Amino acid sequence: MNPTKQIVSGLARRQRAEKRFRLYGLTAVVLGMAFLLLLFGSIVANGYKAFTQTYIELPIYFDPAVIDPSGERDHQTLFSADYWKLVKTAMYQKFPQVSGRKERRELARMVSEGSAYELRDQVLENLRLIGTTQHVWLAADDDIDMLMKGYIDRNLPEDERRLNDRVIGYVDSMREADAIERRFNTTFFAAGDSREPEQAGILGALMGSFLALIVTLLLSFPIGVAAAVYLEEFAPRNRFIDLIEININNLAAVPSIIFGLLGLAIFINWFGMPRSTPVVGGLVLGLMTLPTIIIASRVSIQSVPPSIKEAALGVGASRMQAMFHHVLPIATPGMLTGTIIGMARALGETAPLLMIGMVAFIVDPPGGFTEPATALPVQIFLWSDSPERGFTERTSAAILVLLAFLIAMNAAAVYLREKVTKRF
Amino acid sequence: MNTTETLAIPIPEQLDPPAITGKVDLDLTTVGDFTVPDPRMKIRDVNVFYGQKQAIYDVSLDIGSNAVVAMIGPSGCGKTTLLRCLNRMNDTIDGCRVEGRVEMDGKNVYGRKMDPVLLRARVGMVFQKPNPFPKSIFDNVAYGPRIHGLVRDRTDLEEVVHTSLERAGLLDEVKDRMDQPGTGLSGGQQQRLCIARAIAVSPEVILMDEPCSALDPIATARIEELIGELRKNFSIAIVTHSMQQAARVSQRTAYFHLGYLVEVGSTKDIFTTPKHQLTEEYITGRFG
């Protein structure tokens, strides 16, 4: 038997093996994509309805006798007036046939309790409203919202659902009169947290995350890049530096909650910084991101061909000039990619923020770095703990917003890697 | 099918055994005069170590003014290492240690007072693989003069760049696209750009580390011609694997073997009447 025949006889087997291997790979990719689609699909299916909200149209009479009995337009009086009474009155007029204390209470409860504050804000903004009747769209209670979105099964026995037949009857009659409808949920993007799902929004959490990420970036990017440059270019090769390198690599693998404990012990208990604030959250996330950025920056510095550095040194550039004029510009896209991926990780991080108190219930969006705040992933965590059906869909909607930010950040990283990288 | 029939080249019955004489037993002290009358740089009793491993043993050699000295020898003989000692490029290699004395105009290159930045401005280098910066052709050449502050204004700088490119024989090819990236040139053009970059800072010595090994014969001929031109103004040390190249471009040749400088002398003598057995074996192509 000659060599060629031997090769030919084995060829079919080798081709089969290769085909099989390719099939394994394809299966893995398809499975991965399927799980991803399933995950995204379920989140989207749960969450997309939270971007709309049910509103009820009410002719509100801004009764001077209720909100401004003295007629002085005093700010304090107007601020603390009983606007809920206006809502109740409007609802009773809409359904004059309803009588009885319990029934009337049910009727008023169809409108969100937060509506009173909205009416207050409208009045304080425009005092001329007092004494007039306006048609106002007010957010419905979350149970009504759920009914409108089809989450409440009308076929269940009355005592097993959250709304009784009477209330469903009111909703249906309003629906016929076009006095109730679903609209885009601006509250979700414009409000802070609330106990009432229909009043709850992610603005506070978004602001908190944004402020914390600014602190994270300011802390970890300069320090990370400087550390990477020093370790790559200037550090002497000795055991001490080796030890530092090993520790940086270890830090990258430390569970994030440990960083939270560290932040609690150092920043809050020792330095006495205020708890629940973006500045502390940002510092903790910055420490957590630091090793990631150092490692990514070192890798991208290493990936610059040494010939470029040699060329610079060869014409008499100092080591710093070679680094800053030639190596860093080429390494920058890689560094930025690492930084953005590190920041994306920081954005999605929950555990360390729990330790430093950013898990608190905070209604007002933070206005600065030292004001109490929460963060987007923590907000998701908080809402996922709430029993109301309205919060379940808001949890998914908040996850969608978080995912949108993460995808945008990662896309920016990919863009930087592809477009800004200098070819050589 | 009979495989022996398909072979086009007949295999001789028996190969002559390579006539390599016992390398280790031979005396490796330098044969020939390593000094020149008016040296630009002097290497004296230099030993170089990479960690525990010694790469250069007691090498002494002069780099003459306005002359080309070629360093030849088999791979791993230490010629590149020695070349990089001359402008302290070995400093960048971890664990590299240089003992002995390298002098430039009587000053110790490895002395405390010697700034490697100044040294490398005076001793330029052209590398094995063309390594232009990923910047424009103009900026490649202008970089050296800029960082050393050799030019007062833009007009000055443009003149330096033009002169350097002209001396490197590249000006005609690139004058219309000075703002194009240097990395877009052909290999030979890139290497000439690197030479232009090196001479833009007006060095006194130019070190060339196998400058043609990545180039085709035409580009190689172009560079060799250029080296002949540059010799009028600069002192040149060139490491090469090609003996023909050494014979064509250099006036003196140094033959290295396993870290020893085995023989040095005028190029003509080395290639016609080598004195050392190893040199003879190498240049006649019996090993390498």
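Worth saying up front: this structure is predicted, and the values here are computed from it rather than measured.

A. Structural detail: the sheet that holds strand β5 (residues 107-108) of chain B. All names here are of chain B. With antiparallel pairing, the four strands of this open sheet are ordered in space as β2-β1-β4-β5. Both outer strands of the open sheet, β2 (53-64) and β5, are each paired with one neighbouring strand and no more. Pairing of strand β1 (residues 39-50) with strand β4 (residues 96-104) involves eight bridges; the strand directions are antiparallel. Bridge assignment links Tyr50 to a residue of β4, and that residue is Cys96. Across the sheet, helix α2 (residues 79-86) lies against β1, β2 and β4, angled at about 120° from β1, the strand it touches most.

B. Seen up close, the packing of helix α4 (residues 83-94) of chain A against helix α6 (residues 115-125) of chain A. Residue and element names in this part refer to chain A. As a packed pair, α4 and α6 sit with axes 8 Å apart at the nearest point and diverge in direction by 110°. Classified by the angle their axes make, α4 and α6 are roughly perpendicular. Across the interface between the two elements, Tyr83, Trp84, Leu86 and Val87 of α4 pack against Ser115, Ala116, Leu119, Arg120 and Val123 of α6. Here the residues of the contact of α4 with α6 sort into seven nonpolar, one polar and one charged.

C. Quick peek at the packing of aromatic side chains. Here the structure, examined in full by the defined rule, presents twelve aromatic pairs over all chains. Centroid distance A:Trp270 to A:Phe271: 5.6 Å. Interplanar angle 25°. Geometry classified as stacked. With a centroid separation of 5.0 Å and 35° between ring planes, the pair formed by B:Tyr255 and B:Tyr282 is classed as tilted. Taken together, the positions of B:Tyr255 in strand β9 (residues 252-257) and B:Tyr282 in helix α11 (residues 277-283) put the pair 27 residues apart, joining distant regions of the chain. Classification of B:Tyr282 as buried rests on a relative accessible area of 5%. Ring pairs connect the aromatic residues A:Phe51, A:Phe184, A:Phe188, A:Phe189, A:Trp383 and A:Phe391, which therefore count as one cluster. The cationic tip of A:Arg120 hangs over the ring face of A:Phe79; the distance from NZ or CZ to the ring centre is 4.3 Å.

D. Here's a closer look at the confidence of the model for chain B. Residue and element names in this part refer to chain B. Here chain B averages 86 in pLDDT, while 90% of its residues score no lower than 70. This model gives residues 1-24 a pLDDT under 50, and the stretch forms eleven contacts once residues within four places in sequence are excluded. This prediction of the complex comes with two scores: 0.81 for pTM and 0.84 for ipTM.

E. Fine view of α2(B). Counted residue by residue, α2(B) has seven buried out of eight residues, so it is predominantly covered. Where α2(B) ends, the next residue or the one after it, B:Arg88, has phi of about 60°, a positive value.

F. Region of interest: a positive patch on the surface. A contiguous patch of positive charge, built from A:Arg13, A:Arg14, A:Arg16 and A:Arg20, is present on the exposed surface. Looking at where A:Arg16 falls in the secondary structure, it is placed in helix α1 (residues 3-47).

G. View of the interface of chain A and chain B. Of the residues lining the interface, 21 residues belong to chain A; the matching set on chain B comes to 25 residues. In this assembly, chain A packs against chain B so that about 1900 Å² is buried in total across both faces, 62% of it on carbon and sulfur atoms. Three residues, A:Glu310, A:Val315 and A:His326, lead the burial of chain A against chain B; their summed loss comes to 30% of the area buried on that side. Run the count over chain A and chain B and you get two salt bridges.

H. Up close: the layout of surface pockets. Space inside the largest pocket adds up to approximately 680 Å³. The wall of the largest pocket is formed by 31 residues, among which A:Glu232, A:Glu233, A:Lys309, A:Arg319 and B:Thr92 lie closest to the centre. Of all the secondary structure elements, the ones that give two or more residues to the lining of the largest pocket are α10 (203-234), α13 (278-302), α14 (306-314) and α15 (319-347) of chain A together with α3 (116-122) of chain B. Estimated volume of the second largest pocket: approximately 490 Å³. What lines the second largest pocket is a set of 23 residues, and nearest its centre among them are A:Gly114, A:Tyr117, A:Thr187, A:Ala191 and A:Gln199. Contributions of two or more residues to the lining of the second largest pocket are made by α6 and α9 (186-190) of chain A. Here the lining of the second largest pocket gets four residues from one element, more than from any other, and that element is α6(A). When the residues that make up the lining of the second largest pocket are grouped by side-chain class, the tally is eight nonpolar, six polar and nine charged.

I. Up close: the nonpolar core. Judged by nonpolar contacts, the single largest core of 54 residues is most densely connected at A:Ile301, B:Met41 and B:Met71. Counting residues per element, this core draws most heavily on α15(A), at seven residues. Counting residues in hydrophobic clusters, the runner-up holds 45 residues, among them B:Ala142, B:Leu165, B:Ala168 and B:Ile238.

J. Molecular detail of the pattern of salt bridges. Inspection of every chain in the model, using the stated rule, returns 33 salt bridges over all chains. Between A:Arg237 and A:Glu245 there is a salt bridge whose closest N-O contact spans 3.9 Å. B:Arg88 is the partner of B:Asp91 in a salt bridge, and the nearest nitrogen-oxygen pair spans 2.9 Å. Residue classification places B:Asp91 among the partly exposed positions, given a relative accessible area of 38%.

About the cut-offs
Residues numbered from 1 in each chain as written. Chains lettered and ligands numbered in written order. Predicted model: local features only at pLDDT ≥ 70, side-chain atom pairs only at ≥ 80, totals over all residues. Heavy atoms only, no water. Pairing = 2+ DSSP bridges. Helix = DSSP H or I, 4+ residues; strand = E, 2+ residues; numbered from the N terminus. Contact = heavy atoms within 4.5 Å. Axes fitted to C-alpha atoms, helices over the stretch in contact; angles between N-to-C directions. Parallel < 35°, antiparallel > 145°, perpendicular 65-115°, else oblique. Nonpolar A, V, L, I, M, F, W, Y, C, P; charged D, E, K, R; others polar. Phe/Tyr/Trp six-rings, centres within 6.5 Å; stacked < 30°, edge-to-face > 60°. Buried < 20%, exposed > 50% of the residue type's maximum accessible area, 1.4 Å probe, protein only. Lys NZ or Arg CZ within 6 Å of the ring centre and 35° of its normal. pLDDT = per-residue confidence, 0-100. Patch = residues over 30% accessible without salt bridge, like charges linked within 9 Å, V, L, I, M, F, W, Y side chains within 5 Å. Areas by Shrake-Rupley, 256 points an atom, 1.4 Å probe, with all protein chains shown as cover. Salt bridge = Lys/Arg side-chain N within 4 Å of Asp/Glu carboxyl O. Lys, Arg positive; Asp, Glu negative; His and termini not counted. Charge placed at Lys NZ, Arg CZ, Asp CG, Glu CD. Buried area = accessible area lost by both parts, 1.4 Å probe. 1 Å grid on protein atoms, 1.4 Å probe; cavity = no way out; pocket = protein on both sides within 12 Å on 5 of 7 lines; lining within 4 Å. Points joined across faces, edges and corners; volume = space filled by probe spheres on them. Core = buried A, V, L, I, M, F, W, Y, C linked by side-chain atoms within 4.5 Å.

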